[in-house]
Amino acid sequence: MNTAEIMAALEAAGTAQNRKIAKRHGVDDNVFGVLRSEVNKLVKQIKINHTAALELWETGNFDARTVATMIADPQKIDEATLTHWGETTHDYGTAGEVSNIIAKTPYIRAFMERWTNDEGEWLGRIGWLLLSHLAAGDNSLPDSFFLPYLATIEEGIHTAKNRTRDAMNTALISIGTRNAALEGPAYAAAKRIGRVEVDHGQTDCETPLAIPYMDRIKAHRAKRAAEKEAKSAAAKATKGKK
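Here the structure is a predicted model, which means the values were calculated and not measured.

What counts, and where the lines are drawn
As a convention, each chain's residues are numbered from 1 in the sequence order in which they are written. For this predicted model, a pLDDT threshold of at least 70 governs which residues receive local features, and a threshold of 80 or more governs which side-chain atom pairs are given and counted, while totals over whole chains, interfaces and linings are taken from all residues. Calculated side-chain values reflect all of the structure's heavy atoms, with hydrogen atoms and water omitted. Here, a salt bridge means any side-chain nitrogen of Lys or Arg that lies within 4 Å of a carboxyl oxygen of Asp or Glu. Numbered from the N terminus, helices here are DSSP runs of H or I no shorter than four residues, and strands are runs of E no shorter than two. Whether a residue is buried, partly exposed or exposed follows from its accessible area with a 1.4 Å probe, protein chains only, as a fraction of its type maximum: under 20%, in between, or over 50%, in that order. To estimate how far a helix should reach, multiply one less than its number of residues by 1.5 Å. Comment: arc refers to directions from the helix axis out to C-beta atoms. Contact definition: two residues touch when any of their heavy atoms are within 4.5 Å.

Counted by the stated rule, this structure contains eight salt bridges. With a closest N to O distance of 3.3 Å, Glu38 and Lys41 form a salt bridge. With Glu38 and Lys41 both in helix α3 (residues 36-46), this residue pair falls three residues apart, about one helical turn. According to the relative accessible area criterion, Glu38 is partly exposed, its value standing at 32%. Residue Arg114 is joined to Glu79 by a salt bridge in which the shortest nitrogen-to-oxygen separation is 2.9 Å. In this pair, Arg114 is assigned in helix α8 (residues 108-115) and Glu79 in helix α6 (residues 79-87), connecting sequence segments 35 residues apart. Residue class for Glu79 comes out partly exposed when judged on its relative accessible area of 32%.

Here it is, written out as structure tokens:
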């Protein structure tokens, strides 16, 4: 599919009700209002189309930009393009999508270090979401890499820009659930931080309390590990009977 065909498909899939919902989440008028499930179906059909991704971004359309971040080729996208995408982001949903594509590239640490220090709401949000990606997915980093960021979060979260605060809270949770060694420092920081107030506009969304959320993640992982162990034991027992 080329850019025009993708835009036509997105426009056809949009609805007035979903446009209203998107605007409640801070999206501007340049939006078709496409359900995420429909976006995912379209992306599955397109797969990777880097040229279309670059063109879709320039439309400024929220749905098109979401698709752009999902069909861009992480091996082809360059630092200048990612910088441009970050600097032209103006809502929290797109900021999350930009962080997702950056996390697939070799530039993740460079952008994280740059944008966690940025005072802008959207670049700051992307930067802290990138730290969350690193905490969750980069096992090569030592625990000592994350400890200074816990201190930075604790010191600055309550005075950061609105949606940046939310992303800092996400990073705190990701660091605290990375491993047992970081759990203690993260829980201690979360206890001192307390509730993080974020204005989510005319929505029912809430920024979670870090400690209960980390507890739920730990419980979910423990349950999955137990289920996996039970399944493995059952398989061994069945094999032993043959």
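Moving on to helix α10 (residues 143-156). Over its 14 residues, α10 runs 21 Å from end to end, which matches the ideal 20 Å to within 8%, given 1.5 Å per residue. Among all positions of α10, only Phe145, Phe146, Tyr149, Leu150, Ile153 and Gly156 are buried. Taken around the axis of α10, the buried residues stretch over an arc of 155 degrees, which confines them to a single face. Contacts from the buried residues of α10 go to α8, α9 (121-137), α11 (162-176) and α12 (180-193).

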